[in-house]
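Chain and residue survey
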Amino acid sequence: MAELHIIGQIIGATGFPQNSLFCKWGVHAGGAWRLLSGLKEGQTQVDIPQTGDMAYWSHPIDLHYTTKGLQGWPKLHLQVWHQDSFGRCQLYGYGYIHVPSSPGQHRLQCVTWRPLGSWQDQLAEMFVGGGPQLRSPDLIYSGADRYRLHTVGMGTVELELCVILRHFDRYGVES
């Protein structure tokens, strides 16, 4: 079987309205892919930057997959959250990015967005907090009904991934 190693980190995030951010992340792969080792989801710590607006997490990612086909190449999906001084958490953005298919070291930027909601939702968000969230996080990367959503762009998450391919040449894939 062909093997894919993904080793890297979620460096941090910038461009969000407020600081005190953390990130929930996960990896989605097709049915032909099997995770041999590593965690396919996780969460970073909360970072409150003292200077600048970049929240640094340096959260490690280490995954090892095997596959029989290329369909369903792995994607990372991200949720950036804000934690206020009372410990309440508010969603700040969704995003996803494909794992690069070429071997080597890659520095990636994942732009994020969040659902906008109605004017009543926006008014309630100003006074009470919270805000609209997706019922199913699968919409982040599936795209089936995503085109119907009204969204607003948020900040950017920076990642650094090293991709190692093994035995793909046996299956007709040149690296």
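Cut-offs and rules
- Residues numbered from 1 in each chain as written.
- Predicted model: local features only at pLDDT ≥ 70, side-chain atom pairs only at ≥ 80, totals over all residues.
- Heavy atoms only, no water.
- UniProt positions renumbered as here; feature names shortened; annotations may be inferred.
- Helix = DSSP H or I, 4+ residues; strand = E, 2+ residues; numbered from the N terminus.
- Buried < 20%, exposed > 50% of the residue type's maximum accessible area, 1.4 Å probe, protein only.
- Contact = heavy atoms within 4.5 Å.
- Areas by Shrake-Rupley, 256 points an atom, 1.4 Å probe, with all protein chains shown as cover.
- Core = buried A, V, L, I, M, F, W, Y, C linked by side-chain atoms within 4.5 Å.
- Phe/Tyr/Trp six-rings, centres within 6.5 Å; stacked < 30°, edge-to-face > 60°.
- Lys NZ or Arg CZ within 6 Å of the ring centre and 35° of its normal.
- Pairing = 2+ DSSP bridges.
- Lys, Arg positive; Asp, Glu negative; His and termini not counted.
- Salt bridge = Lys/Arg side-chain N within 4 Å of Asp/Glu carboxyl O.
- Polar contact = N/O pair within 3.5 Å; in protein donor to acceptor, adjacent residues only side chain to side chain.

Identification of the protein chain as B9 domain-containing protein 2 from Cyprinus carpio carpio is taken from an unreviewed UniProt entry. The UniProt entry for the protein chain carries the following text under Subcellular location (unreviewed entry): "Cytoplasm, Cytoskeleton, Cilium basal body".

**As for the overall build of the protein chain**
Scanning the protein chain from N- to C-terminus turns up 2 helices and 9 strands. When the helices and strands of the protein chain are listed from N to C terminus, the series reads β-β-β-β-β-β-β-β-α-α-β. In the protein chain, buried positions account for 41% of the 175 residues. Restricting to contacts in the protein chain with at least 6 residues of sequence separation, those with at least 24 account for 75%. Total accessible area on the protein chain stands at roughly 9900 Å², and carbon and sulfur atoms take up 51% of it.

**Some remarks on the nonpolar core**
Proteins that are soluble and globular tend to have nonpolar side chains buried together. One finds Trp 57, Val 157 and Leu 159 to be the most contacted residues of the largest nonpolar core, which totals 32 residues. Looking at this core, the elements that each hand over two or more residues are β1 (2–14), β2 (21–28), β5 (55–67), β6 (75–83), β7 (89–98), β8 (104–115) and β9 (151–166). Counting residues in each nonpolar core, the second largest holds 6 residues, with Phe 22, Leu 91, Trp 113 and Leu 134 among its members.

**Some words on the environment of Gly 72**
Note that Gly 72 resides in the loop between β5 and β6. Its relative accessible area of 31% is what places Gly 72 among the partly exposed residues. Separated by 42 residues in sequence, Gly 72 and Gly 30 have C-alpha atoms that sit 3.8 Å apart. In this view, Gly 72 contacts Ala 29, Gly 30 and Trp 33; residues no more than four positions away in its chain are not counted.

**Some details on the packing of aromatic side chains**
What characterises a pair of aromatic rings is the spacing of the ring centres plus the angle enclosed by the ring planes. In the structure shown here, the tally under the stated rule is 6 aromatic pairs. Both rings, one in Phe 16 and one in Tyr 92, keep their centres 6.3 Å apart while their planes meet at 15°; by these two values the pair is stacked. Here Phe 16, found in the loop between β1 and β2, pairs with Tyr 92, found in strand β7; they are 76 residues apart in sequence, far enough to count as distant. Neither Phe 16 nor Tyr 92 differs from the other in exposure class; each is buried. Taken together, a centroid distance of 5.1 Å and an interplanar angle of 85° make the contact between Trp 33 and Trp 73 edge-to-face. In this pair, Trp 33 sits in strand β3 (residues 33–37) while Trp 73 sits in the loop between β5 and β6, placing the two residues 40 residues apart along the sequence. Judged by its relative accessible area of 8%, Trp 33 falls in the buried class. The class for Trp 73 is buried, based on a relative accessible area of 15%. Put simply, the rings of Trp 33, Tyr 65, Trp 73 and Phe 168 touch in pairs and so form one group of aromatic residues. Here the guanidinium or amino end of Lys 24 rests over the ring plane of Trp 81, the centre of that ring lying 4.7 Å away.

**A closer look at the pairing of β5**
Pairing of β1 with β5, which is carried by 11 bridges, proceeds in the antiparallel orientation. Bridge assignment links Ile 10 to a residue of β5, and that residue is His 59. Here β3 runs beside β5; their pairing, made up of 4 bridges, is antiparallel. Note that in β5 the partner of Leu 35 across the bridge is Tyr 65.

**Structural notes on the side chain of Asp 47**
Along the chain, the position of Asp 47 falls in the loop between β4 (41–43) and β5. No salt bridge is formed by the buried Asp 47. Its closest oppositely charged neighbour is Arg 107, at 13 Å. Reaching out from Asp 47, the side chain makes a polar contact with the backbone nitrogen of Tyr 56 at a distance of 2.6 Å. When neighbours within four sequence positions are excluded, Asp 47 is seen to be in contact with Ser 20, Leu 21, Met 54, Ala 55, Tyr 56 and Trp 57.

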